[in-house]
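Given next are the chains, with one letter for each unit.
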Amino acid sequence: MYNYTKIDESKVEYVEIAPASELPNGERLFVEIGGKMIVIFNIAGQFFSIADVCSHDDGPVGEGTLEGYNITCPRHGAQFDVRTGKVMQMPAVVDIPAYPVQVRDGNIFLGIPRE
Ligand code: FES
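In this text, all values refer to a predicted model and were calculated from it rather than measured experimentally.

## Side note on the packing of aromatic side chains
Counted according to the given criterion, the structure contains 2 aromatic pairs. A centroid spacing of 5.7 Å and a plane angle of 20° characterise the contact between Tyr4 and Tyr99, whose relative ring orientation is stacked. With Tyr4 in the segment before strand S1 (12-19) and Tyr99 in strand S9 (residues 98-99), this residue pair connects regions lying 95 residues apart in the sequence. Its relative accessible area of 18% is what places Tyr4 among the buried residues. In this structure Tyr99 comes out as buried when scored by relative accessible area, which is 5%. Consider the rings of Phe48 and Tyr69, whose centres lie 5.5 Å apart with planes at 80°: the pair is edge-to-face. You can see Phe48 sitting in strand S4 (residues 46-51) and its partner Tyr69 sitting in the loop between strand S5 (65-67) and strand S6 (70-72), a full 21 residues away along the chain. Classification of Phe48 as buried rests on a relative accessible area of 13%. The ring of Tyr14 is capped by Arg104, whose NZ or CZ atom sits 5.3 Å from the centre of that ring. One residue, Arg104, lies across the ring of Phe109, its end atom 4.2 Å from the ring centre.

Structure follows, in structure tokens:
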């Protein structure tokens, strides 16, 4: 289970990332937290976050083309839903982590599951 947007809040630790003004609509932000490569998207004013590591062959999926909520891995074309991390198209067959994002007092917070 990789969709951390659905797990109990007590199992998530929120990390302050940046002012929301630094991630305007249509943009994405790459961060590394605890050795995890993660990308955060602003899609029409809503924030979503997934691992920046494709489950097919570790490609930089966060750099891919976004259509709606689907992102296409630039390496071999697998697609994932950035809202859930769910794989939408082969060659990947395994979902990737999706993380909860909150905006509080104008700042973006990313929810990382506690170990
Ligand atoms: S590494 Fe992403 S599709 Fe192959």
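## A word on the sheet that holds strand S3 (residues 36-43)
Overall, antiparallel pairing links the 4 strands, which are arranged S2-S3-S4-S9 in an open sheet. Because the sheet does not close on itself, it has two edges, and the strands there are strand S2 (28-33) and S9. Looking at chain direction, S2 and S3 are connected through 6 bridges and run antiparallel. Its bridge partner lying in S3, Leu29 is registered against Ile40.

Cut-offs used in this document
- Residues numbered from 1 in each chain as written.
- Predicted model: local features only at pLDDT ≥ 70, side-chain atom pairs only at ≥ 80, totals over all residues.
- Heavy atoms only, no water.
- Phe/Tyr/Trp six-rings, centres within 6.5 Å; stacked < 30°, edge-to-face > 60°.
- Helix = DSSP H or I, 4+ residues; strand = E, 2+ residues; numbered from the N terminus.
- Buried < 20%, exposed > 50% of the residue type's maximum accessible area, 1.4 Å probe, protein only.
- Lys NZ or Arg CZ within 6 Å of the ring centre and 35° of its normal.
- Pairing = 2+ DSSP bridges.

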